[in-house]
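So the chains spell out like this:
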Amino acid sequence: QVQLVESGGGLVQAGDSLRLSCAASGRRFSAYAMGWFRQAPGKEREFVAVITWSGSPTYYADSVKGRFTISRDNGKNTVSLQMNSLKLEDTAIYYCAASGGKALPKVRYEYDYWGQGTQVTVSS
């Protein structure tokens, strides 16, 4: 079992930056690929970014590539999402997830554990 708790969400203006963190507890955090997803009101939950158990490689959705950076610290059992140049369309609840089965999972069903989410709101 892995428990995930996100933090760092908030209200920011377009163009600002925000850093999300996800703290994991449980067994063998370093064995899991870690991903970030997001869900905007009325939309499906979508993939944002993923990082392998070792920290490399990473993979991003086209919509965030070049603006977001995913990283992890296996010693601290944390994964982070640095979000720069935020846009209105980045507004969503952001979820951290852990996958024990794939190296770079990019779809929801490939993940085993989920956090409760943290709200990110970008205003104009």
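Residues numbered from 1 in each chain as written. Predicted model: local features only at pLDDT ≥ 70, side-chain atom pairs only at ≥ 80, totals over all residues. Heavy atoms only, no water.

Colleague: Describe the overall build of the protein, with residues and values.
Modeller: The helix and strand inventory of the protein stands at zero helices and 11 strands. Along the chain direction, N to C, the helices and strands of the protein fall in the order β-β-β-β-β-β-β-β-β-β-β. Here the C-alpha atoms of the protein give a radius of gyration of 13 Å, agreeing with the 14 Å that 2.2 N^0.38 yields for 124 residues. Counting only C-alpha atoms and orienting by the principal axes, one finds that the protein spans roughly 40 × 25 × 25 Å. Counting only residues that meet the buried cut, the protein has 42% of its 124 residues in that class. Between the averaged position of the 14 positive side-chain charges in the protein and that of its 10 negative side-chain charges there is a distance of 5 Å. (Helix = DSSP H or I, 4+ residues; strand = E, 2+ residues; numbered from the N terminus. Rg over C-alpha atoms; globule rule 2.2 N^0.38 Å. Buried < 20%, exposed > 50% of the residue type's maximum accessible area, 1.4 Å probe, protein only. Lys, Arg positive; Asp, Glu negative; His and termini not counted. Charge placed at Lys NZ, Arg CZ, Asp CG, Glu CD.)

Colleague: Tell me about the packing of aromatic side chains, and name the residues and values.
Modeller: Applying the stated criterion across every chain yields a total of six aromatic pairs. Seen from their ring centres, Phe47 and Tyr59 are 6.1 Å apart, and the 35 degrees between their planes marks the pair as tilted. Here Phe47, found in strand E5 (residues 46–51), pairs with Tyr59, found in strand E6 (residues 58–60); they are 12 residues apart in sequence, far enough to count as distant. Classification of Phe47 by relative accessible area gives buried; the value is 12%. Residue classification places Tyr59 among the partly exposed positions, given a relative accessible area of 37%. Both rings, one in Tyr111 and one in Trp114, keep their centres 5.8 Å apart while their planes meet at 55 degrees; by these two values the pair is tilted. Accessibility expressed as a relative area gives 25% for Trp114, which makes it partly exposed. One cation-aromatic arrangement involves Arg45 over Tyr95; the distance from NZ or CZ to the ring centre is 3.6 Å. Between Lys106 and the ring centre of Tyr59, over which it is positioned, the NZ or CZ distance is 4.6 Å. (Phe/Tyr/Trp six-rings, centres within 6.5 Å; stacked < 30°, edge-to-face > 60°. Lys NZ or Arg CZ within 6 Å of the ring centre and 35° of its normal.)

Without other data, these values stay purely geometric and don't point to any function.
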